[in-house]
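Fold and geometry: a report
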Amino acid sequence: MTPTGHAGADRTPWLVAPAALFMLLFFVYPFLYGLWLSFAPKEGGMLANYAKFFSDTRLWPTIFTTLKLALPATLINVGIALPIAYRMRIKTKRQKWITTALVVPITLGTVLVAEGMLTYFGPRGWLAQVLQFLHLYDGPIRLTHNFWGVLISLVISGFPFAFLLLLSYVTGIDPVLGRAAATLGAGPWAQFRNVYLPLLIPGIAMCFCLAFVQAYSVFPSAVLLGAPAGPTRVISIAAYEAAFEQYDYSLASAIAMMMGLVQLVIVAAVLGIRRLVYRGPVTGGKG
Amino acid sequence: MSSDFKELRLDNVTRRFAHADGRTMAALDGLTLTIPRGEFVALLGPSGCGKSTALNCIAGLLPLSDGAIWLDDTRLDTRPPEARGFGMVFQNYALFPHMTVRRNIAFGLKMRGVSAAEQAARVEAAVKLVQLQGHEDKLPGQLSGGQQQRVAIARAIVVEPPLVLMDEPLSNLDAKLRLEMRAEIRRIHRNLGRSTIYVTHDQDEALSLADRIVVMKDGSVRQVAPPADVYAQPADLDVARFMGYRNELAGTLHDATGVVRTGSLTFNGTSKGKLATGAPVRIALRPDDLVVGDGPNAFAATVDGIEYGGRESLVDVVTADGARLHVRTPVAVRIGESVRVSVPPTRTLIYAA
Ligand SMILES: Nc1ncnc2c1ncn2[C@@H]1O[C@H](COP(=O)(O)OP(=O)(O)OP(=O)(O)O)[C@@H](O)[C@H]1O
Ligand SMILES: [Mg+2]
């Protein structure tokens, strides 16, 4: 309803124009340029880059190397963030502090986290020293410069993000629904299982997608905390090498396109599953 | 919970809240009430008087600060809501938005581990009771407000709880639907033969539904009585004001039998409570009880305003002393007209000022 009541006087297109222009300049154009670039290799036919990608054993396995890091990291982040966010749904002073503390890592940045992890988790780091001092574990600790280092870093930097997103979904659910379930005989677990969880599925799916996309494009921690030559040679490292060590921007573009494609496939799959469940209002009031 | 209970006892049920400045304030102060099985009790009072607090305390959604709740010989107030087994109809219905009408209604049965076949039979009976046949497979978002409300009622009663709690369930319906639902709630209550506690700030609703009305103000109970008594014999001035005694005159008690002098007028009335001769008092008069024409307690007044209302009009009159009174009358009058107004002594209630 417009207050003036003129049919067809919809000015919405003008309101979205600046955003559309921004998208065009900074997203659509670079993307199309990259797509075009990936089909214009330095030598060979149009598909030469993609043929190279799928035949070179230094390139195609990076898809799975990255998946092996990104999927567990995403599952851990969402899986831990969900129960904590659920517990934090009722606002009290104490919980406000806990929320703040959980979110701090987001402000640190990956490089700072990596540096901290190197001193903390390294072979002669505090963790190793404490464990040895307490005689809990005397063997060597290998939590940096390998798969585990990158995974831990992905969890540390990705958790606050997943937590904040899920918290906003959880607190968006009318708490009176839980109380209604309680008066009908549902204990705490049954309330979560029957009321909160089904209403949260769309939010969990969205959170999973965003967390996954973020984890799949991991770069700094894979270099700093991982073994970039081997087990954590993720897809973005491959793209970086192509662009800045071999100066083959065309190949780098093709690798970037593959990275985008994998992300798209996973996101589409998750959102496809989401479509199967209820999506609608999460309050029990009058519609 | 056993459904063939004898009575529910609220014993000094109290709930205090801590305020930001550190003081604690009782939102509900010593509610004591015994509700026999089958009774319909209305909690009536102005906004903020503690009605919802009382209901939430009984349902177990708010812990008590003091007092106890008993169902026969079982103490309930130490149990969580899921163990009390009271049905509750929330003010905003609180239907599960992702469940169909059928699953919403069946929820309580499912939680109690009732077999699927029995669930289906009982849900069907409940749907029939609230006249929602044909809507079983809709989501709450696809129902009208009145239909959602009936789902909420069905969901609360299908488990046949010993006590059904309703928090202003009709407050958002249109006038016609409200009247229909009122009758329906009354009928459902009779069919179940259990107890109902019904919260409302609408005196008509309380009067028409309840066997007994609990009038509350500022967290404390002011009067517990059948509707006719609350209507005709309010216990104190606050209850009288809330029950529609819109006219008040200040005066002094001239004679303990109930003679009040106010300005140049003298009224024969009925004292409510012990009042000493010479005490300052207030007379409370309901607009419906004032009569345009000669009779007992007659006095002269001038018509100052008329609000047309169909069969009867609400007329403002001003006495010789300048006091303004509201009169509901079928007699046609004109603005500026001088009239005689009278009121029976039994309907002239005298309260301590
Ligand atoms: N969580 C709370 N913290 C502090 N004070 C509260 C809280 N809940 C209620 N109160 C106070 O308790 C008093 C009674 O509230 P309650 O909700 O029971 O009123 P009510 O009679 O249901 O009113 P209404 O008709 O407007 O719903 C109010 O003064 C309110 O401010
Ligand atoms: Mg209320």
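Computed from a predicted structure; not experimentally measured. (Residues numbered from 1 in each chain as written. Chains lettered and ligands numbered in written order. Predicted model: local features only at pLDDT ≥ 70, side-chain atom pairs only at ≥ 80, totals over all residues. Heavy atoms only, no water.)

**Thoughts on the overall build of chain B**
Scanning chain B from N- to C-terminus turns up nine helices and 21 strands. Judged by the C-alpha coordinates and their principal axes, chain B covers about 75 × 45 × 40 Å. In chain B, which comprises 353 residues, the proportion classed as buried is 52%. With an accessible surface of roughly 15,000 Å², chain B has 49% of that area assigned to carbon and sulfur atoms. Distance between charge centres in chain B, computed from 42 positive and 40 negative side chains, equals 3 Å. (Helix = DSSP H or I, 4+ residues; strand = E, 2+ residues; numbered from the N terminus. Buried < 20%, exposed > 50% of the residue type's maximum accessible area, 1.4 Å probe, protein only. Areas by Shrake-Rupley, 256 points an atom, 1.4 Å probe, with all protein chains shown as cover. Lys, Arg positive; Asp, Glu negative; His and termini not counted. Charge placed at Lys NZ, Arg CZ, Asp CG, Glu CD.)

**A short note on the overall build of chain A**
For chain A, the count of helices and strands is 13 helices and zero strands. Helices (α) and strands (β) of chain A occur, in sequence order from the N terminus, as α-α-α-α-α-α-α-α-α-α-α-α-α. Each principal axis of the C-alpha atoms in chain A carries an extent, and together these give about 70 × 65 × 30 Å. Residues counted as buried form 41% of the 287 residues belonging to chain A. The long-range fraction of contacts in chain A, counting pairs at least 24 apart against all pairs at least 6 apart in sequence, stands at 72%. Carbon and sulfur atoms make up 71% of the accessible area of chain A, which amounts to about 16,300 Å² in all. Across chain A, 20 positive and 9 negative side-chain charges occur, with their mean positions spaced 19 Å apart. (Contact = heavy atoms within 4.5 Å.)

**Examining the sheet that holds strand E20 (residues 338–342) of chain B**
Each strand in a sheet pairs with another by means of backbone hydrogen bonds, the pair being arranged parallel or else antiparallel. Taking strand neighbours across the sheet as the criterion, the five strands line up as E16-E20-E17-E18-E19 (chain B) in an open arrangement whose pairing is antiparallel. The open sheet has two edge strands, strand E16 (291–292) and strand E19 (324–329) of chain B, and neither has a second partner. (Pairing = 2+ DSSP bridges.)

**A look at the site of ligand 1**
Residue and element names in this part refer to chain B. Within the structure, ligand 1 sits among Phe17, Ala27, Ser47, Gly48, Cys49, Gly50, Lys51, Ser52, Thr53 and Glu168. Here Cys49 contributes a backbone N or O atom positioned 3.2 Å from an oxygen atom of ligand 1. Between ligand 1 and the protein, one listed contact pairs an oxygen atom with a backbone N or O atom of Gly50 at 2.9 Å. A total of 640 Å² of accessible area belongs to ligand 1 in isolation, and the protein chains cover 61% of it. A per-element tally of the shell around ligand 1 places helix H1 (residues 51–59) first, with three residues. Per-class residue counts for the shell around ligand 1 are three nonpolar, five polar and two charged. (Near = heavy atom within 4 Å. Polar contact = N/O pair within 3.5 Å; in protein donor to acceptor, adjacent residues only side chain to side chain. Nonpolar A, V, L, I, M, F, W, Y, C, P; charged D, E, K, R; others polar.)

**Re helix H8 (residues 147–171) of chain A**
Residue and element names in this part refer to chain A. Here H8 is 25 residues long and its end C-alpha atoms lie 35 Å apart, about the 36 Å a rise of 1.5 Å per residue gives. Helix geometry: H8 is bent most strongly at Gly158, by close to 40 degrees, with proline Pro160 lying one to four residues after it. Of the residues that open H8, the one with a side-chain oxygen 3.1 Å from the backbone nitrogen of Trp148 is Asn146. (Expected span 1.5 Å × (residues − 1). Bend = angle between axes of the 7 residues up to and from the residue.)

**Things to note about unusual backbone geometry**
Residue and element names in this part refer to chain B. Residues other than glycine seldom take positive phi values, yet Asn12 does so here, at roughly 55 degrees. Look at Asn12 and you get partly exposed, because its relative accessible area is 33%. Of note in this structure, Asn297 is not a glycine but carries a positive phi near 55 degrees. Within the secondary structure layout, Asn297 lies in the loop between E16 and strand E17 (299–307).

**Re the confidence of the model for chain A**
Summing up the model confidence of chain A, the mean pLDDT is 86 and the portion of residues at 70 or higher is 95%. For residues 1–5 of chain A, every residue scores under 50 in pLDDT, and the model assigns this stretch zero contacts once sequence neighbours within four places are set aside. (pLDDT = per-residue confidence, 0-100.)

**Some remarks on the sheet that holds strand E3 (residues 40–44) of chain B**
Residue and element names in this part refer to chain B. Overall, mixed pairing links the six strands, which are arranged E6-E7-E8-E3-E9-E10 in an open sheet. Unpaired on one side and paired on the other, strand E6 (87–89) and strand E10 (220–225) mark the two borders of the sheet. In this sheet, neighbouring strand axes are inclined to one another by 15 degrees on average, regardless of whether the strands run parallel or antiparallel. Bridge count for E3 against strand E9 (residues 212–217) is four bridges, and the pairing is parallel. (Axes fitted to C-alpha atoms, helices over the stretch in contact; angles between N-to-C directions.)

**As for the nonpolar core**
Tyr216 and Ile255 of chain A together with Leu8, Phe96 and Leu165 of chain B are the most contacted members of the largest nonpolar core, which has 100 residues in total. Of all the elements, helix H10 (residues 188–216) of chain A adds the most residues to this core, at 14 residues. For Leu165 of chain B, the contacting residues outside a window of four places in its chain are Leu55, Ile58, Ala59, Phe86, Gly87, Met88, Val89 and Ile197 of chain B. Phe40, Val159, Leu173 and Leu237 of chain B belong to the second-largest nonpolar core, a separate cluster that totals 51 residues. (Core = buried A, V, L, I, M, F, W, Y, C linked by side-chain atoms within 4.5 Å.)

**Side note on the domain arrangement of chain B**
Residue and element names in this part refer to chain B. Each domain of chain B was delimited in the assignment, giving domain 1 (7–237) and domain 2 (245–352). A separation of 38 Å is found between the C-alpha centroids of domain 1 and domain 2. With seven residues of domain 1 at the contact, the number on the domain 2 side is nine residues. Taken together, both faces of the contact between domain 1 and domain 2 bury some 720 Å²; the carbon and sulfur share is 51%. Considering only the surface of domain 1 that becomes buried against domain 2, Tyr231, Pro234 and Leu237 emerge as the three largest contributors, covering 66% of it. Across the domain 1-domain 2 interface, the total number found is zero salt bridges. Where domain 1 touches domain 2, the interface holds six residue pairs in polar contact (both at pLDDT 80 or more). (Domains from an automatic or database assignment. Buried area = accessible area lost by both parts, 1.4 Å probe. Salt bridge = Lys/Arg side-chain N within 4 Å of Asp/Glu carboxyl O.)

**Some thoughts on H10 of chain A**
With 29 residues, H10 of chain A should reach 42 Å at 1.5 Å per residue; the first-to-last C-alpha distance of 35 Å falls well below that figure. Maximum bend of H10 of chain A: about 50 degrees, positioned at Leu197 of chain A, with proline Pro198 of chain A one to four residues after it.

**Some points on the environment of Pro160 of chain A**
Residue and element names in this part refer to chain A. Its location among the elements puts Pro160 in helix H8. Distance in space between the C-alpha atoms of Pro160 and Val223 is 22 Å, their sequence separation being 63 residues. In this view, Pro160 contacts Leu102, Val103, Pro105, Ile106 and Val155; residues no more than four positions away in its chain are not counted.

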